[in-house]
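Analysis of the macromolecular model
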Amino acid sequence: MPRMPLTTKIGLVAFVLLLYWPQGDECNADLHRLYEDKFSNYSNLVRPVRDLSTVTNVDMALFLNLVLDMDEKSQTLISNVWVTLSWYDEYIWWNKTEYGGIHDLKIPAEQLWLPDIYFYQNAANKYENFLKGHLAVVYSTGNVLWTAPVIFRGHCKIKPTYFPFDEQKCTMKFGTWQYDGFEVALNGSGDRSAYVSDGEWDLSNLTASSNRQYYPDTPGIPYTDVTYDIFFRRRCLFYVFYLIMPCTLISLMTILTFFLPAESQGKISLGVTVLLSLTVFLLLVAEVMPASNEVPVIGQYYAATMVLISVSLSMNVLVVNLYYRGPEKDSLPVPDWAKKYLIGYVGWFLNVNINHDMPVKIVNSRNAAAKSSAELIPLTAVNGVDGDSLQCPDSPIPMLRLNSSYRSDVDGSPGMNHSSRTKYNSSLASHTEEKENIVLLKQILRELRHLNKYNEKQVEKCRIQREWKRVAKVTDRICLIMYLVGTVSTVMVIVCQIPW
């Protein structure tokens, strides 16, 4: 038998394929025939079972894809979800060989019987049947598959206690509204493999549970539903950078107020500025959080920091008040216990520089010497000075040490010649002049006494003022330590509350 050429073999194969290959018109005709045979007498109003006691099992699968918005203020969750529903329709099945090998049929979902499944936590303006408006796939075995992406807007209970280190749990409940548990049994499953993070929320877990519940509007009749518990965890880096870090830096700036001198005018104004800045940040947090009895962690931190800054502001006012105390402000001297314990022990322990006693001691010694020398000179009246009052034997001024016996001898000599009388008159004139000088000197001594008393008062005032300034310095250092301890304690308490 002669061998057949290769070209002849290829031609024969092509002829056979063209002869037995189904034409497009034939496939389309089979599709139309299938549709006419199965849906000419089909009613989408009747549950697809031949026996009414048969329960239609509907399997639901939910794939969370995106979190479009998590509104803490209105406590709503807007999510993009892929929903898949499948059930068995006893009226729609066929033999594939009778219809040109067609194994599935895609038709609008409105032409099929659909379970009346609703989203219970719906927060939209109205309830809508989300099953309509999509395509469904009907297989030759009678199984129906409905799948489509759906955007749900639902209520989600937001717990802001640990904001921004919080984890939130949102519940999505789906169930039939008219078909009870004796007619439709809804079973569910969930998958998080399709989730894409929006940059703020991470999906930590997704669980599904099928429930059978009784409701008060239809007592004694069970209804089935599927509840999905979705667990989110917030990414906190954004809030740490924009809310917590500025608050921490501002609270640290409050420490600078304790290093400013008490006479500085910015000691109080800096504290007030910091307090106003924290108030602005607290208002920003209040705009995000829902109005509830639960105060978030960051709100507690802001409130505690504001209290600490207010206390530090009061401490600075106290320090300034102590610094400017003194006799001029009608203030009493520093108590002895404050000198002993506050200036002495506490000041030494805190290493506060209070060694200013030496100048005061030197001035006091000099004033004591001047006082002792001035007390040796008795004061007399300016007018009506007699001879006896001019006698001051212990006075350092020679004129005041004039002997009274000498004056009496001169005045009382009965037998005095002319030369003696002349000498006596000249001495009397000189004595009168000396008498006037003594009066002038006594006036000067009296003024010096007044000046000495005034100087003593001024020295006492300076001493009291210095003591109050020392008390203010020690108090300022104590307030600084108290503020640091309060700040560290507040941070530790807040950190311990965070569920790491």
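Residues numbered from 1 in each chain as written. Predicted model: local features only at pLDDT ≥ 70, side-chain atom pairs only at ≥ 80, totals over all residues. Heavy atoms only, no water.

Here we come to the state of the cysteines. The final tally for this structure, using the stated rule, is one disulfide. In this model, Cys156 is linked to Cys170 through a disulfide, with the two sulfur atoms separated by 1.9 Å. Here the disulfide of Cys156 and Cys170 is left-handed, its torsion about the S-S bond being about -80°. Of this pair, Cys156 sits in the loop between strand E6 (143-155) and strand E7 (167-176) while Cys170 is found in strand E7, placing the two residues 14 residues apart along the sequence. There is no split in this pair, since Cys156 and Cys170 are both buried. (Disulfide = S-S within 2.5 Å. Helix = DSSP H or I, 4+ residues; strand = E, 2+ residues; numbered from the N terminus. Buried < 20%, exposed > 50% of the residue type's maximum accessible area, 1.4 Å probe, protein only.)

Attention now moves to the side chain of Asn80. Looking at the element boundaries, Asn80 is found in strand E2 (residues 76-88). When sequence neighbours within four positions are dropped, the list of residues in contact with Asn80 reads Phe63, Leu64, Asn65, Leu66, Leu68, Pro149, Val150 and Ile151. (Contact = heavy atoms within 4.5 Å.)

Now for the sheet that holds E6. A sheet is described by the order of its strands in space; here six strands give the open sequence E3-E5-E6-E2-E1-E8, paired in mixed fashion. Of all the strands in the sheet, the pair left with one neighbour each is strand E3 (104-108) and strand E8 (184-191). Across the sheet, the axes of successive neighbouring strands diverge by a mean angle of 25°, strand direction being ignored. Pairing between E3 and strand E5 (residues 135-139): five bridges, direction antiparallel. When the bridges of E5 are listed, Leu105 appears paired with Val138. (Pairing = 2+ DSSP bridges. Axes fitted to C-alpha atoms, helices over the stretch in contact; angles between N-to-C directions.)

Compared with the 33 Å implied by 1.5 Å per residue over 23 residues, the 34 Å span of helix H5 (residues 266-288) between its first and last C-alpha is a close match. Residues of H5 that are buried include every one of Lys267, Gly271, Val274, Leu278, Phe281 and Val285, and no others. (Expected span 1.5 Å × (residues − 1).)

Taken N-terminus to C-terminus, the directions of helix H3 (residues 237-253) and H5 make an angle of 165°; their axes are 10 Å apart at the nearest point. Classified by the interaxial angle, the pair formed by H3 and H5 is roughly antiparallel. Read as a crossing pair, H3 and H5 show a hand that is left-handed. Contacts between H3 and H5 involve Tyr242, Leu243, Pro246, Cys247, Ile250 and Met253 from the former and Leu270, Val274, Ser277, Leu278, Phe281 and Val285 from the latter. (Parallel < 35°, antiparallel > 145°, perpendicular 65-115°, else oblique. Left-handed = near helix turned anticlockwise from the far one by under 90°.)

Let us now look at the sheet that holds E7. Overall, antiparallel pairing links the four strands, which are arranged E4-E7-E10-E9 in an open sheet. Because the sheet does not close on itself, it has two edges, and the strands there are strand E4 (117-119) and strand E9 (201-215). The mean inter-strand angle of the sheet, taken between neighbouring strand axes irrespective of direction, is 20°. Where E9 meets strand E10 (residues 218-234), 14 bridges bridge the pair, whose relative direction is antiparallel. In the strand pairing of E10, Ala208 is matched with Tyr228.

Distances and angles like these do not, on their own, reveal function.
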